[in-house]
Amino acid sequence: MAEAIVSFVVGKLGDLIIKEVGQLGGVKSQVKQVQTELMNIKCYLASADSKQRKGDAESAHVENWLNQLRDVAYRIEDAIDIFYVELEGNHLQVENTHNRKKYRCYYLFGKLKNLRRKFMKVPGLHKLGIELADIQKELEDIFVSKDKYGLTPLLDQAGRGSEPVNDEHVLSKRRPAYQDVDETEIVGLDADRDNILKLLLSSEKTPRRAVITIVGTGGLGKTTLAQMVYKRVKAYFEYHAIFSVSQQYNLNDLLAKILGEVVDLIKRLEVADPEKQKVLELISKYDGFELKKQDRAFFISKIKILLSGIRYLIILDDVWDVKLWDRMQYALPDNKNGSRVLMTSRSIDVARLADPETKPYELVFLNDKESCDLLLKKARYYKNPIEVESSSDDLLELANKLSKKCKGLPLALIVLGGILSTRQQTYHDWKKVLDTMDWHQEGGDCMNVLAMSYEDMPYYLKSCFIYLASFPEDYQISARNLIYMWVAEGFIPEQGKKTLEETAEIFLEQLYERSMVQVSSRYSNGSIKSFRVHDLLHDLAMHEARKVNFVTIFQKLPQGSHPDRVTRRVSIQADKSVHDCSEFIKYIGSNTRSLLLFDQRLGDSISVIDFRLLRVLEIEGDAQDFELRGLDGLIHLKYLGIRNSGLKLPNDFRWDRLKNLETLIGAMEEREGLWSIRTLRHVILNYVYFVGPPAGADLRNLQTLEWISSSCLKAWHKKNQLPLLNNLRKFGLFITDEDEIESVEWEMVGCLLATLPYLLSLKIGSDEQFKIPKEIVYPRVLPNYQNLETLSLWGPWSDNVTVEATLFPPHLIKLALGYSQLAVDPMPELGKLKSLKKLRLGEEVYVGGKEMICPAGFPALQSLFLYCHIENFTVMEGVMPKLKHLNYSAIKLNLPPELEHFKRY
């Protein structure tokens with residue numbers, strides 16, 4: 001862990017030298033000396049890390065040595081960041097003084113600007129020089145003291161101590177876009193799966209609503225078993241869903257999620273029941289914020305009405321609270337039609353209290369043979385027979401010894417298998433794993449395996465992994481947003497021609513390959529979309545994070561003052577009993593680099609004026625409008641995410657004051673200056689942005705842009721700035737009535753976008769009043785998008801435009817169409833798209849009839865979503881041979897025998 005921090009600070013010192021070359025004066029030599037001292041110490045960190053793990057008397061001294069080094073590295077980082085903050089503060093103060101006095105000598109002001117900036121640096125440089133001189137002495141002492149502990153300059157023998165691995169093969173092994181339980185990778189659960197299936201489908205024998213609970217210790221496979229069962233049984237129920245509960249759950253939030261899904265179901269089924277329609281009409285009057293404020297009785301009564309008469313299956317995963325079922329059971333009516341609730345829990349009391357008539361289903365540990373089989377599968381022993389050396393009997397004997405150490409716990413076997421998969425399949429390499437683990441701590445075998453999985457990581461993965469402790473337990477983590485946070489934190493190094501995001505994606509895949517994260521879903525191109533962290537691995541991340549003071553977690557208000565410790569990151573995960581999360585602010589130190597708030601009550605305002613060193617600010621809350629005071633002083637801020645809330649900005653706020661901002665996500669008010677930020681990489685807004693860029697805006701770093709209006713696009717086009725977006729990967733455009741672009745310009749804009757070399761995703765939307773210009777869906781335009789993988793066209797197409805296979809990009813993987821109002825059935829032509837894996841058809845896609853027919857094709861299609869207003873959907877035999885997922889509304893399906901299992905019964 002220390003190596004990651006030191007590497008980051010060494011890079012930061014290098015950036016300071018590059019950015020301020022010629023401006024540092026005498027301090028420049030001090031910066032270089034400190035940088036050199038750190039680089040010398042860095043050579044000994046792998047040796048220190050190895051000695052620290054031994055657990056003997058000397059390891060405590062080595063740990064203390066590493067802690068000293070980490071604290072000094074943090075001091076260096078603070079000194080540099082404060083230097084920039086104070087310099088920027090002086091600069092803004094002088095400019096504001098000039099503005100108040102209404103200076104109009106702009107020419108002279110411009111000439112003197114650089115000179116004034118040099119003078120303003122003098123006090124800051126003096127202060128920085130004093131701090132660095134003190135730090136250098138401390139580093140010299142640390143370097144000398146290394147000899148006491150016999151530290152030597154070396155690399156970890158597995159080569160994990162130095163540079164990030166350029167793992168191209170990790171991306172080449174991406175899983176399919178449709179993420180499902182791979183039963184070929186599962187051992188020992190077949191009989192359990194069949195037993196649970198019988199309990200769920202015994203509607204004739206047990207028509208009452210039954211609650212079945214899978215019980216077992218953490219890491220035994222309860223969630224995996226529930227997912228296996230869900231995959232096979234969901235088609236037999238009109239409504240089916242899985243909800244993760246966990247220890248830190250909020251019942252109202254859980255009920256709100258169930259209500260939201262049930263409302264969508266009733267709408268799709270077009271149920272005419274008057275009582276249900278009254279509920280739908282009532283709920284439609286609430287926006288998301290008002291709905292969340294309703295009490296438990298409201299949610300229970302409405303869910304009960306909507307689910308009456310419906311055969312449903314609800315899975316509640318990871319239930320800890322024995323009172324949960326008692327509090328929510330009245331929302332789930334007993335329709336006497338075989339409805340089921342399936343729970344997973346570590347507590348047998350949860351099962352007994354939920355349904356005394358149904359015996360808890362207790363999972364058992366794997367036997368020795370199953371344990372060895374699972375370990376070998378995860379080590380890829382069977383997948384690499386060519387690499388297995390001739391002495392395979394000895395290797396299997398080692399595998400048997402290793403697997404027995406895991407005491408039959410699947411999670412420990414999976415993680416240990418992940419470690420072995422990074423080794424050569426030789427007796428020597430596997431024996432080293434057996435010998436280097438401390439197996440003798442009584443009762444600690446499983447945690448020893450998990451701890452080894454962390455210790456075995458290269459240093460650049462350790463920061464990425466323990467950052468996951470910042471997220472709540474069982475939280476569904478967005479891979480995209482996490483990657484942006486990693487980049488903002490400085491965890492991701494430059495690697496050749498790759499973008500930082502591409503390297504971060506490789507790191508996340510490496511965590512998956514090591515079984516440290518559990519992937520929930522993947523994008524159409526196979527990259528991870530969302531994932532969770534198992535409870536035990538989350539505990540491990542929190543344990544390691546606490547050891548190095550990496551992050552402080554607030555789940556309730558501290559009593560008295562917060563301990564005077566330097567913390568770099570703060571995560572607020574309080575439950576709804578805390579009515580205003582701003583109460584936590586006074587417990588947060590001014591040197592905090594990341595502030596994350598999850599599902600919080602925000603109150604009217606939050607002040608971040610004291611957190612001048614923030615790099616990451618993530619706010620997830622339930623306020624419609626709240627004021628974020630002090631935002632314009634965060635010159636180091638690189639990531640700003642506002643979720644489920646509206647951010648209210650001061651009238652005089654300008655985005656370009658956040659001069660290092662890279663990622664902007666969520667609902668933000670429009671203000672001038674956004675496009676003047678040269679560091680912008682990702683802009684993902686919950687609304688349409690109308691303000692165009694100024695002349696000379698430099699947006700060459702921009703990779704994601706969602707959403708901007710057609711009037712904004714016009715401004716970009718008129719200033720000839722579209723060709724400058726040559727790094728753009730994802731683009732979202734909304735057609736508006738303001739400053740409507742002439743047809744000839746649309747074709748030119750479409751052609752210009754087609755020339756962007758890295759564009760992978762294009763989304764175009766409009767409301768019913770404005771049609772998507774035919775020039776955008778024009779045979780001469782879309783096929784030119786050679787690299788485009790995702791295309792979304794949401795809105796009415798221009799008249800006389802019909803779907804043809806040649807209309808689309810040649811390598812399209814995902815296509816979403818909605819409100820297209822096509823007069824001709826598009827399915828025969830869409831079936832000719834050979835690379836298409838995911839197809840989503842929304843409302844009013846086809847208005848020319850009541851039936852859509854797939855006569856042939858769709859050779860690669862894996863996921864199909866049908867929400868269009870038709871009566872019949874017919875698929876001929878041999879069509880969609882790779883289909884794995886089908887979701888549809890109130891449509892009659894006519895399917896060939898090989899696809900019959902997708903029908904609801």
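Above this text you will find the structure in question.
Since we're looking at a predicted model, the values are computed, not measured.

Caption draft 1: Layout of the packing of helix α9 (residues 251-269) against helix α10 (residues 274-283). Across the interface, α9 lies against α10 with an axial gap of 11 Å and an inter-helix angle of 120 degrees. For the element pair α9 / α10, the angle class is oblique. The element α9 and its partner α10 pack so that their crossing is left-handed. Residue-level contacts link Leu-259, Val-263, Ile-266 and Lys-267 of α9 to Lys-276, Leu-280 and Ile-283 of α10. Among the residues forming the contact of α9 with α10, the class breakdown is 5 nonpolar, no polar and 2 charged.

Caption draft 2: Up close: the pairing of strand β20 (residues 730-735). In terms of strand pairing, strand β19 (residues 704-709) meets β20 through 4 bridges, oriented parallel. The partner of Leu-705 across the bridge, within β20, is Phe-731. Taking the sense of rotation as the criterion, the β-α-β connection linking β19, helix α24 (residues 710-718) and β20 turns out right-handed.

Caption draft 3: Spotlight on the pattern of salt bridges. Counted by the stated rule, this structure contains 36 salt bridges. Note that Glu-77 and Arg-593 form a salt bridge whose closest N and O atoms lie 3.8 Å from each other. On the criterion of sequence distance, the pair formed by Glu-77 in helix α4 (residues 57-100) and Arg-593 in the loop between β10 (569-572) and β11 (594-600) is long-range, its members being 516 residues apart. A single burial state applies to Glu-77 and to Arg-593, both of which are buried. Here Asp-355 ties to Arg-208 by a salt bridge, and the two come within 3.0 Å at their closest N and O atoms. Here Arg-208 lies in the loop between α7 (190-200) and β1 (210-215) and Asp-355 lies in the loop between α14 (348-354) and β5 (361-362), a separation of 147 residues in the sequence.

Caption draft 4: Spotlight on the side chain of Ser-371. Tracing the backbone through its elements, the reader meets Ser-371 in helix α15 (residues 368-378). Given a relative accessible area of 2%, Ser-371 falls into the buried group. Once residues within four sequence positions are removed from consideration, Ser-371 is found in contact with Leu-366, Ser-403, Gly-408 and Leu-413.

Caption draft 5: Layout of the environment of Pro-207. In this structure, Pro-207 sits in the loop between α7 and β1. For Pro-207, a relative accessible area of 35% translates into the label partly exposed. The spacing of Pro-207 and Gly-338 is 131 residues in sequence and 4.4 Å in space, taken between C-alpha atoms. Leaving out residues up to four positions away in the same chain, Pro-207 has contacts with Ser-202, Asp-334, Lys-336, Asn-337, Gly-338 and Ser-339.

Caption draft 6: Seen up close, the nonpolar core. Formed by 108 residues in total, the largest nonpolar core has its most connected members in Trp-655, Trp-675, Leu-830, Phe-873 and Met-880. If one sorts the elements of this core by residue count, helix α25 (residues 743-754) sits on top with 4 residues. Core analysis: the next-biggest nonpolar cluster, separate from the first, contains 99 residues, Leu-225, Leu-374, Leu-411 and Tyr-639 among them.

Procedures and definitions
Residues take numbers from 1 onward in each chain, read along the sequence in its written order. In keeping with the model being predicted, local features are shown solely for residues with a pLDDT of at least 70 and side-chain atom pairs are shown and tallied solely at 80 or more, while totals for entire chains, interfaces and linings include all residues. Side-chain measures were taken over the full set of non-hydrogen atoms in the model, leaving aside hydrogen atoms and water. In this analysis an axis means a line fitted to C-alpha atoms, helices contributing only their contacting stretch, and an angle means the value between N-to-C directions, from 0 to 180 degrees. For helices the rule is a DSSP run of H or I covering at least 4 residues; for strands it is a run of E covering at least 2, with both sets numbered from the N terminus onward. We call two directions roughly parallel when the angle between them is under 35 degrees, roughly antiparallel when it is over 145, roughly perpendicular when it lies between 65 and 115, and oblique otherwise. Left-handed describes a crossing whose near helix is turned anticlockwise from the far helix by less than a right angle; the clockwise case is right-handed. Any two residues having at least one pair of non-hydrogen atoms within 4.5 Å are treated as being in contact. Amino acid classes used here: Ala, Val, Leu, Ile, Met, Phe, Trp, Tyr, Cys and Pro are nonpolar; Asp, Glu, Lys and Arg are charged; the rest, including Gly, are polar. In this scheme, strands are said to pair when DSSP sees at least two bridges between them. A crossover counts as right-handed when, viewed with the strands pointing away from the observer, the path leading from the first strand over the helix to the second turns clockwise. The term salt bridge refers to a pairing of a side-chain nitrogen on Lys or Arg with a carboxyl oxygen on Asp or Glu at a separation within 4 Å. Buried means the residue's accessible area, taken with a 1.4 Å probe over protein chains only, is under 20% of the maximum for its type, while exposed means over 50%, and partly exposed covers the values in between. Nine residue types can take part in a nonpolar core, namely buried Ala, Val, Leu, Ile, Met, Phe, Trp, Tyr and Cys, and a core is a set of them joined through side-chain atoms within 4.5 Å.

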